[in-house]
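Structural description and commentary
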Amino acid sequence: MDNAAVEVVEKVNLLGLSRVKMEQFLVEIGEKPFRAQQILKWIHHAGVDDFELMTNIGKSLRAKLQQVAEIRPPEIVSQKDSTDGTRKWAIRVEGGNLVETVLIPDGHRGTLCVSSQVGCSLDCSFCSTGKQGFQRDLTAAEIIGQVWLAIKSYDAFGAKERTVTNVVMMGMGEPLLNFDNVVDAMGLMMDDFGYGISKRRVTLSTSGVVPALDRLGEVSDVSLAVSLHAPNDELRDQLVPINRRYPIAELLAACQRYLDRQTDTHRVVTIEYTLMAGINDSVELARELAEVLRNLPCKINLIPFNPFPHSSYERPSKVAIERFWEVLTKAGYVATVRTTRGDDIDAACGQLVGQVTDRTRRSERYRELQAGPDPIRIL
Ligand code: SAH
Ligand code: SF4
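Residues numbered from 1 in each chain as written. Chains lettered and ligands numbered in written order. Predicted model: local features only at pLDDT ≥ 70, side-chain atom pairs only at ≥ 80, totals over all residues. Heavy atoms only, no water.

Section: the overall build of the protein
Stated precisely, the cut-off is as follows: For the purposes of this entry, the term helix denotes a DSSP run of H or I that reaches at least four residues, the term strand denotes a run of E that reaches at least two, and both are numbered from the N terminus. Only protein chains enter the area calculation, which uses a 1.4 Å probe; residues under 20% of their type maximum are buried, those over 50% are exposed, and those in between are partly exposed. Only heavy atoms enter the contact rule, under which two residues are in contact if any of them lie within 4.5 Å. What sets the accessible areas is the Shrake-Rupley method with a 1.4 Å probe; for residues, cover comes only from the shown protein chains.
Across its full length, the protein carries 12 helices and 14 strands. Burial statistics for the protein: of 379 residues in total, 55% are counted as buried. When contacts within the protein are restricted to residue pairs at least 6 apart in sequence, long-range pairs at least 24 apart make up 68% of them. Accessible area of the protein: about 17100 Å², with a carbon and sulfur share of 50%.

Following this line, the structure appears as structure tokens:
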């Protein structure tokens, strides 16, 4: 048979299209760009995944959309509820792998912890995601799909009170290594025709991919969190291997540049510091941290280490955590200790593992990152 004759055109998944891309798509199929707003509202305000339900769109356009497009969220394979109200989903993405998403309700607030990659290539020594290896980047549809599924799961599209008021890109993966898809998805989180969440409530957490952080500052103004975990390069090199490529001084300078680009002058970077007993929790290191952050507008979030199977670190005692916190507070920092949520369902920071079938790609990607002349090319 002639192959050209059986060409199968893959349908475009509209779930992940930013406003601009939705407009482009509509123009490409010969439609008016203003339809983008209507379709976005159906998908992200009303939670609709069936074109037939889009009543303000004419029959012929609906039929056309049916042929060339789809609204396809990833699939929930399991849902676990913690006694503290935290809910964790395992989500199957194309190719069969699983990623995890967590919703942490707190009064009127609902913080959704979203994954950006299947696994992670950066191999931080204390992180179970890193230990899983890297499989692939999530698509924009798979990233924003986590928000969509979370709201759907509570049957809360159109509800008066929002289910998801805050999003943190702190699930599986390094969001800056999946740059375009993460930026598109965060755009939808903040777009009024998407989820309308303010830039102060959308936070990207990075382990410090400096060139990508600079690029982020050019295209986005989301809140920034940086995983520091150590005040000097000798220690950070061991905990966060990407530090060998982008050491602390370069990373903090990039944080400052990020803040300098923001129009809002009161913004700060959140410094994340996972506390591990006997590793990075001494009073001396707290003092060194206070010193190294002296010139950066920041607040510090201390995360007591969350154990996972075969992890070699331990959570410090309450006393040690308080001692560390006190040094920072006395030095004038706003420091908080992140309370562990969803402990009983393995939903705490660093415990998300999903399922990664091919672990070989981590080393490839990591070697590339270590050796590449131009790191931006891997983005
Ligand atoms: N890759 C990004 C975002 C995902 S990790 C990053 O590294 O910033 C989200 C946060 O959880 C990071 O600060 C990470 O260092 C922290 N974390 C990872 N494993 C942890 C563990 N076992 N216990 C406590 N925090 C952990
Ligand atoms: Fe990747 Fe972040 Fe885990 Fe490091 S801490 S391995 S960058 S997910």
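Some remarks on the pattern of salt bridges
Inclusion rule: Each salt bridge in this description consists of a side-chain nitrogen of Lys or Arg and a carboxyl oxygen of Asp or Glu lying within 4 Å of one another.
Under the defined criterion, the tally for this structure stands at 19 salt bridges. We note a salt bridge from Asp214 to Arg257, for which the minimum N-O separation is 2.9 Å. Remark: Arg257 occurs in helix 9 (residues 248-261) and Asp214 occurs in helix 7 (residues 210-219); sequence separation between them is 43 residues. Relative accessible area serves as the criterion here: at 34%, Arg257 is assigned to the partly exposed category. Among the ionic contacts, a cluster of salt bridges with common partners joins Glu70, Arg72 and Glu94.

Notes on the site of ligand 1
Definition in use: Residues are labelled near a given molecule or strand when at least one of their non-hydrogen atoms is within 4 Å of it. By the criterion applied in these results, polar contacts are pairs of N or O atoms within 3.5 Å in which, for protein atoms, one can donate a hydrogen and the other can accept it, and in which residues neighboring in sequence qualify only through two side-chain atoms. Think of it as three bins: nonpolar holds Ala, Val, Leu, Ile, Met, Phe, Trp, Tyr, Cys and Pro, charged holds Asp, Glu, Lys and Arg, and polar takes everything else, Gly as well.
Around ligand 1 sit 20 residues in total, of which Phe126, Ser205, Ser227, His229 and Asn306 are the nearest. Gly173 is positioned with one of its backbone polar atoms (N or O) 2.9 Å from a nitrogen atom of ligand 1. One of the side-chain N or O atoms of Glu272 is found 3.1 Å from an oxygen atom in ligand 1. When ligand 1 sits alone it has 530 Å² of accessible area, and the protein chains cover 95% of it. Elements represented by at least two residues in the shell around ligand 1 include exactly strand 10 (202-206) and strand 12 (269-275). Looking at the shell around ligand 1 residue by residue, the class counts come to eight nonpolar, 10 polar and two charged.

Some points on helix 10 (residues 283-292)
Worth spelling out the cut-off: Note that the arc is computed from the directions linking the helix axis to the C-beta atoms.
Every buried residue of helix 10 is accounted for by Val283, Leu285, Ala286, Leu289 and Ala290. On an axial view of helix 10, the arc spanned by its buried residues comes to 160°, and they lie on one face. Every exposed residue of helix 10 that faces more than 90 degrees away from the buried side is listed here: Glu284 and Arg287. The elements touched by buried residues of helix 10 are helix 8 (233-239), strand 12 and helix 11 (318-330).

Some points on the site of ligand 2
Taken together, Cys120, Leu122, Asp123, Cys124, Cys127, Gly130, Gly173 and Ser207 form the complete shell of residues around ligand 2. Looking at the shell around ligand 2 residue by residue, the class counts come to four nonpolar, three polar and one charged.

Thoughts on the pairing of strand 11 (residues 223-227)
How we decide: Two strands pair under a simple rule: DSSP has to find at least two bridges between them. When the strands point away from the viewer and the path from the first strand over the helix to the second turns clockwise, the crossover is right-handed.
The element strand 11 is largely enclosed, with a buried count of five among its five residues. Every second residue of strand 11 is oriented toward a common face, with Ser223, Ala225 and Ser227 on one face and Leu224 and Val226 on the other, all of them buried. Across four bridges, the pairing between strand 10 and strand 11 is parallel. Bridge assignment links Leu204 to a residue of strand 11, and that residue is Leu224. For the crossover from strand 10 across helix 7 to strand 11, the handedness is right-handed.

Quick notes on the nonpolar core
Stated precisely, the cut-off is as follows: Take the buried residues of types Ala, Val, Leu, Ile, Met, Phe, Trp, Tyr and Cys, join any two whose side-chain atoms come within 4.5 Å, and each joined set is a nonpolar core. Note: domain ranges come from an automatic or database domain assignment.
Leu14, Met189 and Leu293 are the most contacted members of the largest nonpolar core, which totals 107 residues. Here this core gets eight residues from one element, more than from any other, and that element is helix 5 (residues 140-153). When residues of this core are assigned to domains, at least three map to each of domain 1 (12-70) and domain 2 (75-371). Excluding residues within four positions of it along the chain, Leu293 makes contact with Leu228, Leu252, Ile271, Cys298, Ile300 and Tyr333. If you look at the next biggest cluster of nonpolar residues, it comprises five residues, including Cys113, Val168, Ile345 and Ala347.

Points about a positive patch on the surface
Heads up, the condition is: Only residues above 30% relative accessible area that lack a salt bridge enter a patch, with like-charged residues linked at up to 9 Å and the nonpolar side chains Val, Leu, Ile, Met, Phe, Trp and Tyr linked at up to 5 Å. Positive: Lys, Arg. Negative: Asp, Glu. His and the chain ends are not part of the count. We put the charge of a Lys on NZ, of an Arg on CZ, of an Asp on CG and of a Glu on CD.
Taken together, the side chains of Arg109, Arg162, Arg201 and Lys299 present a region of like positive charge at the surface. Assignment of secondary structure puts Arg162 in the loop between helix 5 and strand 9 (166-169). What makes Arg162 partly exposed here is its relative accessible area of 43%.

Overview of the packing of helix 10 against helix 11
Quick note on the threshold: Between the N-to-C directions of two axes lies an angle of 0 to 180 degrees, each axis being a line fitted to C-alpha atoms and, for a helix, fitted only over the stretch in contact. Throughout this description, any angle smaller than 35 degrees is read as roughly parallel, any larger than 145 degrees as roughly antiparallel, any in the 65 to 115 degree range as roughly perpendicular, and the remainder as oblique. Note: crossing handedness is left-handed where the near helix turns anticlockwise from the far helix by less than a right angle, and right-handed where it turns clockwise.
It is at 9 Å that the axes of helix 10 and helix 11 come closest, and there the two elements cross at 30°. Classified by the angle their axes make, helix 10 and helix 11 are roughly parallel. In this structure, helix 10 crosses over helix 11, and the sense of that crossing is right-handed. On helix 11, the residues touching Val283, Leu285, Ala286, Arg287, Leu289 and Ala290 of helix 10 are Arg323, Phe324, Val327 and Leu328. Residues that form the contact of helix 10 with helix 11 fall into these classes: eight nonpolar, no polar and two charged.

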